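Coordinate inspection notes
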Amino acid sequence: MAHMLTDAPIFPRWDETHSQVWGNVPVKIDHSLHQSPLFSMDAIAELIERYPRDRYALVETGGRNNRRLWREGDIGNLSGREVIDAITGGRMWMNLRDLSDINPAYRQVVDAIFDELSARMPGFSAPRRGCGLLISSPGAQVYYHADLPGQCLWQIVGRKRVFVYPSAAPFITPRQLEDIALFDMELDVPYADWYDRH
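**Examining the overall build of the chain**
If you tally the helices and strands in the chain, you get six helices and four strands. Element order for the chain, N to C, with α for helix and β for strand: α-α-β-β-α-β-α-α-β-α. Over its C-alpha trace the chain gives a radius of gyration of 18 Å, about what one expects of a compact globule, namely 16 Å for 198 residues. The principal-axis extent of the C-alpha atoms belonging to the chain is close to 50 × 45 × 30 Å. Each of the 198 residues in the chain was classed as buried or not, and the buried ones make up 31%. Within the chain, contacts between residues separated by at least 24 positions form 69% of all contacts whose residues are at least 6 apart in sequence. For the chain, the computed accessible surface area is about 13100 Å², with 50% contributed by carbon and sulfur atoms.

And the structure:
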């Protein structure tokens, strides 16, 4: 299966300003990944059905009365389409981790992304070329957390509201970053309501 429908650029609206700010501030830019047959609902449903159990997380989030809910589950006997339908109608998300290591077709997509970025920004090099695939419901909630530097989020279908906080104390401390890097503890970062003003 081809990774793209055409040989068109993945980032058709890239301009020199994106090259100048990349790596210094969050960058929002259009892409053409949604045109790839790899991201059709049928392709994703098939991917879910074949995905190794130890490489995915299916999580229900939300809460009532200021209580946080975090419940992990398994797809059991459900088809990939049934899993997508359950996610769509619930407050869940599914993370297919290490996708580019598991499926060669998605590895081609990742390589095409980083090859284009390297061509647009001479000297740019990603220390790791990897990806996962998040499938989330409109009502899904991700709690305050920090990802290590060097993350990209490519929204393929739908809309996502993302809050980006300053990368300094008190929002995140060097010790918390160290815990994330060493112990994968990105969800244990303390949060206060007043953070949203910043």
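Right, picking up where we left off after that structure.
**Here's the deal with unusual backbone geometry**
With an omega of 10°, the peptide bond between Ala-169 and Pro-170 qualifies as cis. Along the chain, Pro-170 falls in the loop between strand S4 (133–136) and helix H6 (174–183). Not every positive phi belongs to a glycine, and Asp-98 is a case in point at roughly 60°. Judged by its relative accessible area of 27%, Asp-98 is partly exposed.

**Section: the environment of Thr-17**
Structurally, Thr-17 can be placed in helix H1 (residues 16–21). Remark: the alpha-carbon pair of Thr-17 and Gln-35, spanning 18 residues in sequence, is separated by 25 Å.

**Observations concerning the side chain of Ser-19**
If you trace the backbone, Ser-19 turns up in helix H1. Polar contacts involving the side chain of Ser-19 include one to the main-chain carbonyl oxygen of Arg-120, which spans 3.4 Å.

**Focus on a nonpolar patch on the surface**
Together, Leu-153, Val-162 and Val-164 line one region of the surface with nonpolar side chains, adding up to about 280 Å² of accessible area. Locating Val-164 in the fold gives a position in the loop between S4 and H6. We classify Val-164 as exposed; its relative accessible area is 57%.

**A few points about the nonpolar core**
In terms of nonpolar packing, the biggest core is built from 36 residues, with Ile-48, Met-94, Leu-96, Leu-117, Leu-133 and Ile-135 touching the most fellow members. Looking at this core, the elements with two or more residues in it are helix H2 (41–50), strand S1 (56–62), helix H3 (80–89), strand S3 (92–96), helix H5 (104–120) and S4. The residues touching Met-94, leaving out its near neighbours within four places in the chain, are Ile-48, Tyr-56, Ala-57, Leu-58, Ile-75, Val-83, Ile-87, Leu-133, Leu-134 and Ile-135. Formed by eight residues, the second largest nonpolar core is a distinct cluster that contains Tyr-144, Phe-171, Ile-172 and Ala-192.

**Some words on the packing of aromatic side chains**
Inspection of every chain in the model, using the stated rule, returns 13 aromatic pairs. Geometrically, the ring pair formed by Trp-194 and Tyr-195 is edge-to-face, given 4.8 Å between the ring centres and 85° between the ring planes. For Trp-194, a relative accessible area of 36% gives the class partly exposed. The buried category is assigned to Tyr-195, whose relative accessible area is 6%. Aromatic rings pair up to connect Phe-11, Trp-14, Trp-22, Phe-114, Phe-124 and Trp-154 into one cluster. Positioned above the aromatic ring of Tyr-56, the side-chain terminus of Arg-53 is 4.2 Å from the ring centre.

**A look at H5**
The terminal C-alpha atoms of H5 lie 24 Å apart, and with 17 residues this matches the ideal 24 Å at 1.5 Å per residue to within 8%. Where the residues of H5 are buried, they touch H2 and helix H4 (99–102). Of the residues flanking the start of H5, the one acting as N-cap is Asn-103, its side-chain oxygen 2.9 Å from the backbone nitrogen of Ala-105.

**Observations concerning the confidence of the model for the chain**
Summing up the model confidence of the chain, the mean pLDDT is 88 and the portion of residues at 70 or higher is 92%. Here strand S2 (residues 69–73) is the element of the chain with the lowest mean pLDDT, 83, and H2 is the one with the highest, 96.

Thresholds applied
- Residues numbered from 1 in each chain as written.
- Predicted model: local features only at pLDDT ≥ 70, side-chain atom pairs only at ≥ 80, totals over all residues.
- Heavy atoms only, no water.
- Helix = DSSP H or I, 4+ residues; strand = E, 2+ residues; numbered from the N terminus.
- Rg over C-alpha atoms; globule rule 2.2 N^0.38 Å.
- Buried < 20%, exposed > 50% of the residue type's maximum accessible area, 1.4 Å probe, protein only.
- Contact = heavy atoms within 4.5 Å.
- Areas by Shrake-Rupley, 256 points an atom, 1.4 Å probe, with all protein chains shown as cover.
- Polar contact = N/O pair within 3.5 Å; in protein donor to acceptor, adjacent residues only side chain to side chain.
- Patch = residues over 30% accessible without salt bridge, like charges linked within 9 Å, V, L, I, M, F, W, Y side chains within 5 Å.
- Salt bridge = Lys/Arg side-chain N within 4 Å of Asp/Glu carboxyl O.
- Core = buried A, V, L, I, M, F, W, Y, C linked by side-chain atoms within 4.5 Å.
- Phe/Tyr/Trp six-rings, centres within 6.5 Å; stacked < 30°, edge-to-face > 60°.
- Lys NZ or Arg CZ within 6 Å of the ring centre and 35° of its normal.
- Expected span 1.5 Å × (residues − 1).
- pLDDT = per-residue confidence, 0-100.

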